[in-house]
Amino acid sequence: DSGVTQTPKHLITATGQRVTLRCSPRSGDLSVYWYQQSLDQGLQFLIQYYNGEERAKGNILERFSAQQFPDLHSELNLSSLELGDSALYFCASSVALLGGGDAEAFFGQGTRLTVV
Amino acid sequence: GENVEQHPSTLSVQEGDSAVIKCTYSDSASNYFPWYKQELGKRPQLIIDIRSNVGEKKDQRIAVTLNKTAKHFSLHITETQPEDSAVYFCAPQTGANNLFFGTGTRLTVIP
C-alpha cells in the first residue's frame, strides 16, 4: 500500500457526461500529480499541485480541470467526455522540496474510466 | 518541460540474460534520476534512483548509471527473471519537481 488513495476504482459513464476523480495523498505530502495512461501507453502528465496551488501543467485538455483543497486532497474533473478519454487515471504524491532535492512519487491504484 | 526519451521501447531477453534501458533527457539542471517499474495492471513503483553527485548505484540485480555530460542514465538488470517482465519508466527531475516520465520500455523475460 502506497498510502495514496484514489476513488472510485472503476467508473463507467456515457459520452458528454462529467465525472470527478478523487485523490488523497500520503500524509505529509504536499505535491499531487495527475496522469493519464491509455491502453499500452505511457504516463501522460496532466497537472501538478503543490500545497493548494497549481505548479505545472502538461498536456491537459481544456475539458479537464483539477484542484487541490486545503486538506491536500485533490480532484480531477473531466467534462464533455469522449470515447478517447477512456483510460487509467493515476494520482501520485510526493514531498516536494522547493529549490531542489529528490522526490519519490507514490502512486495510487488508479481510476479506470470507461466512456461508452 | 523536460524532454525525456527512452530506448528501446520494447525489449525481450532470455531468462538469465541482462537488460539495459537508456533514458535521455534535455534539462541540464536535472539532479535526480529515478526508475519506476509498472507491472501489468498495477501502479508504478520506484525501484532505484540516483542523484547527480553519484555515477552509479547498485541494488542486488539492478543498477543505475548516470552520465551527466551526455545527459543520459541507464537501468541495468542482470540475471533477469520472469518477474522482471514489466514496463519501466524513467523520470529525471529538476528542482522544480515536475514529474515527466519517459515513454516507457516494455521488458519481456522469456523463460
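Structure's up top.
Residues numbered from 1 in each chain as written. Chains lettered and ligands numbered in written order. Predicted model: local features only at pLDDT ≥ 70, side-chain atom pairs only at ≥ 80, totals over all residues. Heavy atoms only, no water.

Draft legend 1. Representation of the sheet that holds strand 3 (residues 19–24) of chain A in the model. Residue and element names in this part refer to chain A. Taken in spatial order, the 4 strands make up an open sheet running 1-3-8-7, and their pairing is antiparallel. Strands with a single pairing partner mark the edges of an open sheet, and in this sheet they are strand 1 (5–7) and strand 7 (64–68). Strand-to-strand twist of the sheet, defined as the mean angle between neighbouring strand axes without regard to direction, takes the value 15°. Bridge analysis of strand 7 against strand 8 (residues 74–78) gives 5 bridges, and the strand direction is antiparallel. Bridged to Gln68 within strand 8 is Ser74. (Pairing = 2+ DSSP bridges. Helix = DSSP H or I, 4+ residues; strand = E, 2+ residues; numbered from the N terminus. Axes fitted to C-alpha atoms, helices over the stretch in contact; angles between N-to-C directions.)

Draft legend 2. Region of interest: the pattern of salt bridges. All names here are of chain B. According to the stated counting rule, one finds 9 salt bridges over all chains in the structure shown. Close ionic contact of Lys42 with Glu39 constitutes a salt bridge, the shortest N to O distance being 3.8 Å. A relative accessible area of 32% means that Glu39 is categorised as partly exposed. The salt bridge partner of Arg51 is Asp49, with a shortest N-O separation of 3.9 Å. Overall, Asp49 belongs to the buried group, its relative accessible area being 9%. (Salt bridge = Lys/Arg side-chain N within 4 Å of Asp/Glu carboxyl O. Buried < 20%, exposed > 50% of the residue type's maximum accessible area, 1.4 Å probe, protein only.)

Draft legend 3. Highlighting the layout of surface pockets. Considering only enclosed or pocket space, the largest pocket measures out at about 510 Å³ in volume. For the largest pocket, the lining is made up of 26 residues, of which Gln37, Asp40 and Gln41 of chain A together with Val87 and Arg106 of chain B are closest to its centre. Elements with a contribution of two residues or more to the lining of the largest pocket: strand 9 (87–94) of chain A together with strand 9 (86–90) and strand 10 (105–110) of chain B. Of the residues belonging to the lining of the largest pocket, the class tally is 7 nonpolar, 14 polar and 5 charged. Each pocket or cavity is described by its volume, and for the second largest pocket that value is around 290 Å³. Around the second largest pocket, the lining comprises 14 residues; the ones closest to its centre are Phe90 and Gln109 of chain A together with Gly41, Lys42 and Arg43 of chain B. Among the elements of the structure, strand 9 of chain A together with strand 5 (45–51) of chain B are those that each provide at least two residues to the lining of the second largest pocket. A class-by-class count of the residues in the lining of the second largest pocket yields 3 nonpolar, 5 polar and 6 charged. (1 Å grid on protein atoms, 1.4 Å probe; cavity = no way out; pocket = protein on both sides within 12 Å on 5 of 7 lines; lining within 4 Å. Points joined across faces, edges and corners; volume = space filled by probe spheres on them. Nonpolar A, V, L, I, M, F, W, Y, C, P; charged D, E, K, R; others polar.)

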